[in-house]
Amino acid sequence: MQSFIAALLNSLDIALLLFVIAVGLNIIFGVLNVINFAHGALYMLGAYFAYTAMGLLGLSFWVALVVAPLLVAVVAIAIERLMLRMVYDRHITDSLLLTFALLLIIDESVRMIWGPSIHVVDPPALLTGTFSVFGVNYPIYGLFVIAVGIAMMLGLWLLFTRTRLGRIVRAAALDREMAQTLGINVPMVITGVFAFGAWIAAVGGVVAAPMRAIGPAMGEKIIIESFIVVVIGGLGSFPGTLLGALVLGFIHGFGGRFLPEINLVLPYIGMALVLLIKPQGLMGKRASA
Amino acid sequence: MTEPLLSIRDLTKTFGGVHAVDGVSLDVQPRETVALIGPNGAGKTTFYNMISGRMAPTSGSIHYDGDEITGLPPHRISRLGISRSFQITNIFQELSVRQNVEVALTAFHGKALSMLRLASRDREIIDEAYVLLKRLGLEDVAEQRAGVLNYGDKRLLEIAIVLATRPRLVLLDEPTAGMTPEETRHVTHLIRKLADSGDYTFLVTEHDMSVVFGLADRILVMHRGQRLAEGTPEEIRNDPEVKRAYLGEEEEEAAS
Amino acid sequence: MTTRLMIVGVLALVLAALILLPYGVPYFYIFVATEILIMGLFAASFNLVFGYTGMLSFGHAAFFGMGSYTTAMLLLHLQVPLVWTLLAAMLTSMLLAAVIGFFCVRLNEVYFAMLTLAFGMMVFAVAHQWRSVTNGSDGITGFPLTEFGLGLDLQLANPLVYYYVVLVVVVLAAALLYLVTRSPFGLILKAISENPERVSFCGLNERRFRLIAFIVAGLFAGLAGGLFAPFNRVASPDMIHWSQSAEAVLMTILGGSAYFLGPFFGAMVFVLLETWITSYTDHWMLFLGIILALMVMFFRRGILGTVLDRLLRR
């Protein structure tokens, strides 16, 4: 029973972090119609900025949590304005190529600036230690991650369904020309959405930093996971992203504990199964070719 | 009475509560030309999409030459001998005019999987492509990129592609849309000639009434997804329901 | 007509240059030239899927790697003559391409790009973790380069001899691949890249054709990988990593995806650049990314592509 609870909590942990990353990917796709291959790299950048702030500058975790994602958002604005903007009216392949190039650039820049070794940051003092959940001693920080994930989920839901800003973004996503005609500054919305998506990914990176080893391969791993989440859940679907993240989280949480040998390929098997049965994702819209 | 080539029963397509096509039935006899008319939004293109396999019907059935073809994918339906043109010209802009036709011919002659021969050496296909282009008056532009053709010629090319697979049933979706009167006359004359040859059965959608009355053996009038009237051109011309639907549209347009 | 004569003339010159190369350049460049030929084939196989069929795959290295590992393992464990290992490499990569392609071609181009990346990295993970078979991150080394096969007595261990073997194989493979692009099948692929729906309305199951293109491309990538393992003296997971796939993408974009020789030209520029830049820095990937970004933004038709566009006045 204990083992089960631990695996369950671990799954939620992983799932909600994955959700945070994947939802940013989905939001960017929804409005820009681009898959941001560099999304994992932006997550990693958030983690590295946090490491710099905390490990090298001695700032607190909470300061890093505020500052690092903002810095990443600034980087994202520069990327969108200087690079992505050039390929919007071309074939979508060009956007995919460009974000892929960005992935290479950011990945290698990180390696160059911070070196190839792994770094560690400690969780803030407030969140160290363990807490007893149903008889299992679970790290408080892990519970914090779950809480952040839920907060992000609710926050995004409220933002997109209840606020005027959310409505503007959804309008731009649905019909760009129409939105422009209605007086919405669509280019600014696009920049904003890309920066926002990057910001979310960076928040994920900062939050993940005390939990995971910070290394140059972080971005690579998370982007594949995000793709799997989005394929399982369905591109363009908010609840789908949550569902996909939960599925993958549980695969990792329980697979990692009970089936360690094939743990690495389990996510791919899960993805392949979904592709066979429901190619557009469990909750996705039309995606077939 | 011969067996109809195309037999459609109660064909329906709903999109989230809206009936784009609502219980339409139609029989098309071999070698006849049936025109499908109706105001915009009447459901004509959706109707075509279901027959050609682009969309699956919500309910109803389509039989072709005795066999049920409801819900089959487009490539299967094409192989059975049904070809269609599109309202928005659907050609291969980057390929040459001749290559456009060769694509269809390659498919038709079962050579699409031929990987180890040069396409430029296949005289059978190249010659047949020229014959087809000549029939449509496009032989002079055969080597040009399809994208540089004028609008009328592009639509002619589309018809060439349609005919290349030697269909028995041809669905033309507003073939003269956007054409000059000269081009319209040319295309109408062409379709008339093809229809008279007895090799094809035509189902034609049109807005231009002169074209319709010049080509059709029978007319089906659609309105708001439903069959409004069906009959010979004379019958349709005098049908009060049709007049009301069209006149009603005209009055609405005049009022706005 | 004269343009065609000119192109044939240039090709003949290039071929002559390749044949005479070892006698005119420093010894080191034999290795560079061998690598250019192999990478050119790899990039050209990628372009069959990308430039000709319109599908962007970020996992093409999986087939390259599969070819490498197949060759390496056969040489190591069974001492099979090279020619048979190359055939086996083509077979295994073809099968892998069939499996991966089956899942990927059913979805639109956005999903396709994501899925090929994901599946490619899955193969990478397997190669990385399955120590007992693939020797993990160390890769497979120490395989002997004995004979070529077919009764030919060739000293494969001699780089000069190996260069000529690669030259012959790559030229033959390139000719074959070119034939495929100019065949009726190739015409269908070009049509599909532009307007897949129209193709299906002509009576062809365009999804099946895209899968077949993917498989053929995987086959040639496997051949390139099979040639690469003996050259590199190791078959390692790096060859399957997306950074390797990225190289195929960049080489193709560098040279130009619209012309058959574009990827080969791009491979030449790429390998020369890489050789030059890696002598200064370890961070070659950064330059790779920057060059790719710049090419996509400003020089989408590629170097050779832009030149040929001008010459052919498109």
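Residues numbered from 1 in each chain as written. Chains lettered and ligands numbered in written order. Predicted model: local features only at pLDDT ≥ 70, side-chain atom pairs only at ≥ 80, totals over all residues. Heavy atoms only, no water.

## Describing the pattern of salt bridges
Residues and elements named next belong to chain B. One pass over the structure, following the stated rule, counts 25 salt bridges over all chains. Arg145 is the partner of Glu94 in a salt bridge, and the nearest nitrogen-oxygen pair spans 3.5 Å. Placement of the pair is Glu94 in the loop between strand E6 (82–84) and helix H3 (97–108) and Arg145 in the loop between helix H4 (123–135) and helix H5 (151–164), with a sequence separation of 51 residues. Taking the shortest distance from any N to any O, the salt bridge between Glu102 and Arg98 comes out at 2.5 Å. With Glu102 and Arg98 both in helix H3, this residue pair falls four residues apart, about one helical turn. (Salt bridge = Lys/Arg side-chain N within 4 Å of Asp/Glu carboxyl O. Helix = DSSP H or I, 4+ residues; strand = E, 2+ residues; numbered from the N terminus.)

## Observations concerning the arrangement of the chains
There are two pairs of chains in contact here, and the one with the most contacts is chains A and C. As for chain B relative to chain A, no contact occurs, and the smallest C-alpha gap between them is 13 Å. (Contact = heavy atoms within 4.5 Å.)

## Brief notes about the packing of aromatic side chains
Evaluation of the coordinates by the stated rule reveals 34 aromatic pairs over all chains. Between Phe19 of chain A and Phe238 of chain A, the aromatic rings sit 5.7 Å apart at their centres with planes inclined by 85°, giving edge-to-face as the arrangement. Here the residue Phe19 of chain A occupies a position in helix H1 (residues 2–32), and Phe238 of chain A occupies one in helix H10 (residues 238–258), the gap between them amounting to 219 residues. On the basis of relative accessible area, Phe238 of chain A is assigned to the partly exposed category, the value being 25%. With a centroid separation of 5.9 Å and an interplanar angle of 80°, the aromatic rings of Phe112 of chain C and Phe214 of chain C are classed as edge-to-face. Of this pair, Phe112 of chain C sits in helix H5 (residues 109–129) while Phe214 of chain C sits in helix H10 (residues 206–232), placing them 102 residues apart in sequence. (Phe/Tyr/Trp six-rings, centres within 6.5 Å; stacked < 30°, edge-to-face > 60°. Buried < 20%, exposed > 50% of the residue type's maximum accessible area, 1.4 Å probe, protein only.)

## Considerations on unusual backbone geometry
One non-glycine residue, Asn33 of chain A, adopts positive backbone phi at about 60°. Mapping Asn33 of chain A onto the fold places it in the loop between H1 and helix H2 (39–56). The residue Asp65 of chain B is not glycine, and still its phi comes out positive at about 55°. Looking at where Asp65 of chain B falls in the secondary structure, it is placed in the loop between strand E4 (59–64) and strand E5 (67–68).

## A word on the interface of chain A and chain C
Every contact between the two is made by 45 residues of chain A and, on the other side, 44 residues of chain C. Where chain A abuts chain C, roughly 4,000 Å² becomes buried across the two surfaces, and 80% of that area is made up of carbon and sulfur atoms. Where chain A meets chain C, there are one salt bridge. Elements supplying a minimum of two residues to the side of chain A that touches chain C: helix H4 (92–114), helix H9 (218–233) and helix H11 (266–277) of chain A. A per-element tally of the side of chain A that touches chain C places H4 of chain A first, with 16 residues. (Buried area = accessible area lost by both parts, 1.4 Å probe.)

## With respect to the packing of H2 of chain A against helix H3 (residues 61–82) of chain A
Residue and element names in this part refer to chain A. Where H2 meets H3, the axes come as close as 8 Å, and the angle between the chain directions of the two elements is 135°. When the interaxial angle is binned, H2 and H3 end up oblique. Where H2 crosses over H3, the handedness of that crossing is right-handed. Across from Leu42, Leu45, Gly46, Phe49, Ala50, Ala53 and Met54 in H2, the residues of H3 making contact are Phe61, Ala64, Ala68, Leu71, Val72 and Val75. (Axes fitted to C-alpha atoms, helices over the stretch in contact; angles between N-to-C directions. Parallel < 35°, antiparallel > 145°, perpendicular 65-115°, else oblique. Left-handed = near helix turned anticlockwise from the far one by under 90°.)

## Considering the sheet that holds strand E2 (residues 18–28) of chain B
Residues and elements named next belong to chain B. Pairing within the open sheet is antiparallel, and its four strands lie in the order E2-E1-E4-E5. Both edges of this open sheet fall to E2 and E5, since each of them pairs with a single strand only. As paired strands, strand E1 (residues 6–15) and E4 are joined by five bridges and run antiparallel to one another. Note that in E4 the partner of Ile8 across the bridge is Ile62. Docked against the sheet, helix H1 (residues 44–52) engages E1, E2 and E4, running at close to 120° with respect to E1. (Pairing = 2+ DSSP bridges.)

## Re the nonpolar core
Ranked by size, the top nonpolar core spans 263 residues in total, and within it Phe100 of chain A together with Leu157 of chain B carry the most contacts. In terms of residue count, the dominant contributor to this core is H10 of chain C (17 residues). Once you skip the residues sitting within four places of it in the chain, Phe100 of chain A turns out to touch Phe37 of chain A together with Phe58, Leu117, Trp242, Ala246 and Leu292 of chain C. One finds Leu5, Leu6, Val21 and Leu169 of chain B within the second-largest nonpolar core, a separate group that totals 26 residues. (Core = buried A, V, L, I, M, F, W, Y, C linked by side-chain atoms within 4.5 Å.)

## Brief notes about the sheet that holds strand E8 (residues 201–205) of chain B
All names here are of chain B. Taken in spatial order, the six strands of this open sheet run E6-E7-E8-E3-E9-E10, and their pairing is mixed. This sheet does not close on itself; its edge strands, each paired only once, are E6 and strand E10 (226–231). On average, adjacent strands in this sheet sit at an angle of 15° to one another, irrespective of strand direction. Across four bridges, strand E3 (residues 33–37) lies against strand E9 (residues 218–223) in parallel orientation. Bridge pairing in E9 places Val34 opposite Arg218.

## With respect to helix H6 (residues 181–196) of chain B
Relative to the 22 Å expected for 16 residues at 1.5 Å per residue, H6 of chain B spans 22 Å between its end C-alpha atoms, a close match to the ideal helical length. In the stretch just after H6 of chain B, Gly198 of chain B is the one whose phi turns positive, near 80°. (Expected span 1.5 Å × (residues − 1).)

## Things to note about the interface of chain B and chain C
Listed by partner, the interface residues are 35 residues for chain B and 26 residues for chain C. Each partner contributes to the roughly 2,700 Å² buried at the junction of chain B and chain C, and carbon and sulfur atoms together form 67% of this total. A per-residue breakdown of the area chain B buries against chain C is headed by His75, Phe92 and Met115 of chain B, which together make up 22% of the total. Our enumeration of links across chain B and chain C arrives at two salt bridges. Here chain B and chain C share 15 residue pairs in polar contact (both at pLDDT 80 or more) between them. If you list the elements that add at least two residues to the side of chain B that touches chain C, you get helix H2 (74–79), H3 and H5 of chain B. Classifying every residue of the side of chain B that touches chain C gives 16 nonpolar, ten polar and nine charged. (Polar contact = N/O pair within 3.5 Å; in protein donor to acceptor, adjacent residues only side chain to side chain. Nonpolar A, V, L, I, M, F, W, Y, C, P; charged D, E, K, R; others polar.)

Such coordinate-based values are descriptive only and should not be taken to indicate function.
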